[in-house]
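Per-entry structural report
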Amino acid sequence: MKPNLGRALSVVGAIVIAVSLALVWYHIDRLPSQGDTSSTGWDSFPRLRIILLAGALLTVASAFPSQRRPMLIARSLLGLLLAALVLRRIVDPPDLSAPVIAQPGVFAGLLGAIAVALGGLVDTGRRAAEAYPGLGLRPSRSLPPGGGARVRPRPDDIDAPGDGTAVRVPNHAIRGR
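Rules used throughout
- Residues numbered from 1 in each chain as written.
- Predicted model: local features only at pLDDT ≥ 70, side-chain atom pairs only at ≥ 80, totals over all residues.
- Heavy atoms only, no water.
- Core = buried A, V, L, I, M, F, W, Y, C linked by side-chain atoms within 4.5 Å.
- Buried < 20%, exposed > 50% of the residue type's maximum accessible area, 1.4 Å probe, protein only.
- Helix = DSSP H or I, 4+ residues; strand = E, 2+ residues; numbered from the N terminus.
- Contact = heavy atoms within 4.5 Å.
- Pairing = 2+ DSSP bridges.
- Axes fitted to C-alpha atoms, helices over the stretch in contact; angles between N-to-C directions.
- Polar contact = N/O pair within 3.5 Å; in protein donor to acceptor, adjacent residues only side chain to side chain.
- Phe/Tyr/Trp six-rings, centres within 6.5 Å; stacked < 30°, edge-to-face > 60°.
- Lys NZ or Arg CZ within 6 Å of the ring centre and 35° of its normal.

Ranked by size, the top nonpolar core spans 16 residues in total, and within it Ile 17, Trp 25, Leu 52, Leu 82 and Val 86 carry the most contacts. Secondary-structure elements contributing two or more residues to this core are strand 1 (24–28), helix 3 (46–62), helix 4 (69–91) and helix 5 (104–131). The residues contacting Val 86, other than those within four sequence positions of it, are Trp 25, Leu 52, Val 106, Gly 109 and Leu 110.

Next up, the structure:
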């Protein structure tokens, strides 16, 4: 993985969140003579728009300092919080006298928030892979089978010349087969 992949994913997600506020979030099923038939994220939620913009700005700001564990965790949690706030607006749209139908803008906001969280998780995973290089590798075939006690050879099982030289012993002789 590239070292800046998580940062880039989070910043792109933050930009998508900010842009989604200008997109149509809801279609209001009423006659045009009764008022607007669509509503943007900016128009719909005075407090949520501030929270989403602040979250997007914090995400962009978190991409510049060194990426230590607390920063990565905070960015992931911020993305999850923003996603939960937008998801709430998908599940529970605003109450109006006319039916309200979710539009692509609200889903773009959700995808942006998920990208913010994934960016933090990608960087966290990269740091774990760097700290534990063999984390995702399978054990080699030369290891004894797991699940039991390790079998040690008895001295009389090994033919040693007695002069201190090393002798290669096949695995089946060590395992007692």
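This brings us to the sheet that holds strand 3 (residues 100–102). Taking strand neighbours across the sheet as the criterion, the three strands line up as 2-1-3 in an open arrangement whose pairing is antiparallel. Looking along the sheet, the strands with just one partner apiece sit at the ends: strand 2 (38–40) and strand 3. Shown here is a sheet whose adjacent strand axes are inclined to one another by a mean of 25°, direction ignored. With three bridges joining them, strand 1 and strand 2 adopt antiparallel strand pairing. In the strand pairing of strand 2, His 27 is matched with Ser 38.

Right, let's talk about the pairing of strand 1 for a bit. A regular strand places its side chains on the two faces of the sheet in alternate fashion. Here strand 1 pairs with strand 3 via three bridges, running antiparallel. Counted as the bridge partner of Ile 28 is Val 100 from strand 3.

With that out of the way, let us pick up the side chain of Arg 89. Secondary-structure assignment places Arg 89 in helix 4. Here Asp 92 takes part through its backbone oxygen, which lies 3.0 Å from a polar atom of the side chain of Arg 89. Contact partners of Arg 89, with chain neighbours within four places excluded, come to Tyr 26, Phe 45, Leu 48 and Pro 94.

What follows covers the packing of aromatic side chains. Taken as a whole, this structure holds two aromatic pairs when the rule is applied. Their ring planes at 55° and their centres at 5.9 Å tell us that Trp 25 and Phe 45 sit as a pair that is tilted. Here Phe 45 lies in the loop between helix 2 (41–44) and helix 3 and Trp 25 lies in strand 1, a separation of 20 residues in the sequence. Note on Trp 25: relative accessible area 0%, which makes it buried. Among the aromatic residues, those joined into a ring-pair cluster are Trp 25, Tyr 26 and Phe 45. Cation over ring: Arg 49 sits above Trp 42, and NZ or CZ is 4.5 Å from the ring centre.

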